[in-house]
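Given next are the chains, with one letter for each unit.
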Amino acid sequence: VTARIIDGRAIARSIEEEVRAEIERLRFRPGLTAIRVGSDPASEIYVRNKAKKAHQLGLRGDERILPDSITERDLLDEVQRLNEDADIDGILVQLPLPKHIDSRKIIDAVDPAKDVDGFHPMNVGRLHLGREVLAPCTPAGCVRLIESTGVPIEGKHAVIVGRSDIVGKPMAALLLQRNATVTVAHSRTPDLAAVVKQGDIVVAAVGKPRLIQAEMLKRGAVVIDVGINRIPENNRSVLVGDVDFGHAREVAGWITPVPGGVGPMTIAMLMRNTLTAAMWRRR
Ligand code: GUN
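Below or above, wherever it landed, is the structure these notes cover. (Residues numbered from 1 in each chain as written. Predicted model: local features only at pLDDT ≥ 70, side-chain atom pairs only at ≥ 80, totals over all residues. Heavy atoms only, no water.)

Observations regarding the site of the ligand
So, step 1. Near the ligand, the surroundings consist of Leu-92, Val-93, Gln-94, Leu-95, Asp-117 and Phe-119.
So, step 2. In this structure, Leu-95 approaches the ligand through a main-chain N or O atom, which is 3.0 Å from a nitrogen atom.
So, step 3. Asp-117 places a polar side-chain atom, nitrogen or oxygen, 2.6 Å from a nitrogen atom of the ligand.
So, step 4. When the ligand is considered free in solution it has 280 Å² of accessible area, and contact with the protein chains removes 80% of it.
So, step 5. For the shell around the ligand, the per-class residue count stands at 4 nonpolar, 1 polar and 1 charged. (Near = heavy atom within 4 Å. Polar contact = N/O pair within 3.5 Å; in protein donor to acceptor, adjacent residues only side chain to side chain. Areas by Shrake-Rupley, 256 points an atom, 1.4 Å probe, with all protein chains shown as cover. Nonpolar A, V, L, I, M, F, W, Y, C, P; charged D, E, K, R; others polar.)

What follows is the structure in structure tokens.
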């Protein structure tokens, strides 16, 4: 049998519709500011899409574009201004930042109550303690995708490939919170295939095109592919995930496509986090 496809676009749309309807009932409009430094083409698209989506859902969305040459001090001052602006509920600083800026200092400067990325150490700590928190958008979106299958997370062996601060580590915390048995594999893991084989749930987040092959998967596994890799193929540039989708779908029970799987969920969860931050700041 062939795996059922998890339709990230449709699930993201339904979350956005919920968020839009909730915002409509408010007596104020939550505000999100996305800061982009410099002109990385991928970041340009991401940040523009975040601000655009915010507008569509009735949020106030502001894209703040700062020059590559900005000093760390000036960027910290900009973050501080947004922290102090009572009308701003969510602050997002698009990563990566230019090399002369220490991104840790910038992340630490964002008011944890406005940290809609969930990257501030305070929020990372709260996430790992299982407390109420603004959780990082991509892993939170992955949880929604897994839940959409109806396959219970509790008691399952979840294998996460990748240990980034943005995806792998918070993913582990979210799945542990839902009573999965969690393994985090990474570049130094010997015999990755044997580890992945144990996964009832596999989350691939390493940024290596088609690293996860069909033969590595347990039959019936729920496979979530976070990878977005642009590679040349047959003289064209194509977008592929960290999972070899074409073959893996013959083994998996459920699988996300690339594009159209995890990608659309990140932005939907960012909108959800902005609304949540706005509500919590006013309670
Ligand atoms: N760069 C890649 N992913 C992300 C993300 O989720 N948030 C931010 N701010 N930057 C990113």
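Concerning the nonpolar core
As a rule of thumb, soluble globular proteins bury nonpolar side chains together.
So, step 1. By size, the foremost hydrophobic cluster in this structure holds 50 residues, and its most contacted members are Ile-146, Met-171, Leu-175, Ile-224 and Met-271.
So, step 2. The element that contributes the greatest number of residues to this core is helix H10 (residues 263-281), accounting for 8 residues.
So, step 3. Leaving out residues up to four positions away in the same chain, Leu-175 has contacts with Ile-146, Ile-153, Ala-158, Ile-160, Ala-180 and Val-182.
So, step 4. Among the nonpolar cores identified, the runner-up in size contains 20 residues, and Val-159, Leu-192, Val-196 and Ile-255 belong to it. (Core = buried A, V, L, I, M, F, W, Y, C linked by side-chain atoms within 4.5 Å. Buried < 20%, exposed > 50% of the residue type's maximum accessible area, 1.4 Å probe, protein only. Helix = DSSP H or I, 4+ residues; strand = E, 2+ residues; numbered from the N terminus. Contact = heavy atoms within 4.5 Å.)

Description of the pattern of salt bridges
So, step 1. For the coordinates displayed, the defined rule picks out 20 salt bridges.
So, step 2. The shortest N-O distance in the salt bridge between Asp-62 and Arg-64 comes to 2.6 Å.
So, step 3. Arg-178 serves as the salt-bridge partner of Glu-147, at 3.6 Å between the closest nitrogen and oxygen. A residue pair is termed long-range when its members are at least 10 positions apart, and Glu-147 in helix H6 (residues 137-148) and Arg-178 in the loop between helix H7 (168-177) and strand E6 (181-185) qualify at 31 residues.
So, step 4. A relative accessible area of 42% places Glu-147 in the partly exposed class.
So, step 5. One continuous salt-bridge network, built from bridges that share partners, spans Asp-62, Arg-64, Glu-78 and Arg-81. (Salt bridge = Lys/Arg side-chain N within 4 Å of Asp/Glu carboxyl O.)

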